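# Architecture and fold: a report
The primary structure of each chain is shown beneath.
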Amino acid sequence: MKLYKINRCRKTFARITAVCISCLSLLLTGCSENEELNAYKVNMNQFFENVKVYDSSINSIDPESETAVAELLALLDSMEHTFSQMASLEVPEDFPGVEQLADEASEYMTEAVSCYHQAFEGETYNAAMADAAKENYDRANLRVQYILSILHGDIPEEIYVYDDQPADSSETGTEPQQQ
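Here the structure is a predicted model, which means the values were calculated and not measured.

## Observations concerning a negative patch on the surface
A contiguous patch of negative charge, built from Glu36, Glu90, Glu93, Asp94, Glu99, Asp103 and Glu107, is present on the exposed surface. Here the element with the most residues in the negative patch is helix 4 (residues 98–121); it accounts for 3 residues. Position of Glu90 among the secondary structure elements: in the loop between helix 3 (68–88) and helix 4. Residue classification places Glu90 among the exposed residues on the basis of a relative accessible area of 61%.

## Digging into the confidence of the model for the protein chain
When pLDDT is averaged along the protein chain, the result is 81; 70% of the residues meet or exceed 70. Ranking the helices and strands of the protein chain by mean pLDDT puts helix 4 first, with 97, and helix 6 (residues 169–172) last, with 45. With pLDDT under 50 throughout, residues 28–32 is counted as low confidence; its partners more than four residues away or in other chains account for 5 contacts. Low confidence marks residues 169–174, where pLDDT is under 50. Its contacts with residues over four positions away, or in another chain, come to 6 contacts.

## Observations concerning the packing of helix 4 against helix 5 (residues 127–151)
Here helix 4 crosses helix 5 at 160°, and the two axes come no closer than 7 Å. On the basis of the axis angle, helix 4 is roughly antiparallel to helix 5. Once helix 4 is placed against helix 5, the crossing between them reads as left-handed. Partitioned by chemical class, the residues of the contact of helix 4 with helix 5 number 20 nonpolar, 3 polar and 5 charged.

Reading the values: the criteria
- Residues numbered from 1 in each chain as written.
- Predicted model: local features only at pLDDT ≥ 70, side-chain atom pairs only at ≥ 80, totals over all residues.
- Heavy atoms only, no water.
- Patch = residues over 30% accessible without salt bridge, like charges linked within 9 Å, V, L, I, M, F, W, Y side chains within 5 Å.
- Areas by Shrake-Rupley, 256 points an atom, 1.4 Å probe, with all protein chains shown as cover.
- Salt bridge = Lys/Arg side-chain N within 4 Å of Asp/Glu carboxyl O.
- Lys, Arg positive; Asp, Glu negative; His and termini not counted.
- Charge placed at Lys NZ, Arg CZ, Asp CG, Glu CD.
- Helix = DSSP H or I, 4+ residues; strand = E, 2+ residues; numbered from the N terminus.
- Buried < 20%, exposed > 50% of the residue type's maximum accessible area, 1.4 Å probe, protein only.
- pLDDT = per-residue confidence, 0-100.
- Contact = heavy atoms within 4.5 Å.
- Axes fitted to C-alpha atoms, helices over the stretch in contact; angles between N-to-C directions.
- Parallel < 35°, antiparallel > 145°, perpendicular 65-115°, else oblique.
- Left-handed = near helix turned anticlockwise from the far one by under 90°.
- Nonpolar A, V, L, I, M, F, W, Y, C, P; charged D, E, K, R; others polar.

See below:
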């Protein structure tokens, strides 16, 4: 059962990484004389390169290996640290909302990794925790996709805030939906 779940995690990471990698090339287009903006772009480039390495490493895990779960969890721990570093970056004023999205992405990734540990480290596989982990992981990566859109000058319709609606989706009890 763990073998199937490790493969499922690998496929999820592969899909998210593919989106991140394709957006990376768009992030690198265009030049600016603003040092703060350039530094941020360089740091975000490094973030996406790190995610690419994690994807490759996760996909290279032999799911039948006795160390597969330990390897996966160690990579997830490192990925969580990378998200935390990304969230701590100084976001230029040119990108409204990115700082909050980065913080949320990091928080969701932290929760995802915690849930993955709980799912795999028990004596038996905990499917409910794995589902919670995947949900948090998806939320973290949705925010990364929103960040990419904003960095490219497009504010996703899903995150528009209108004067008569709460700014935080948690106040409404709904999660922005990816289209």
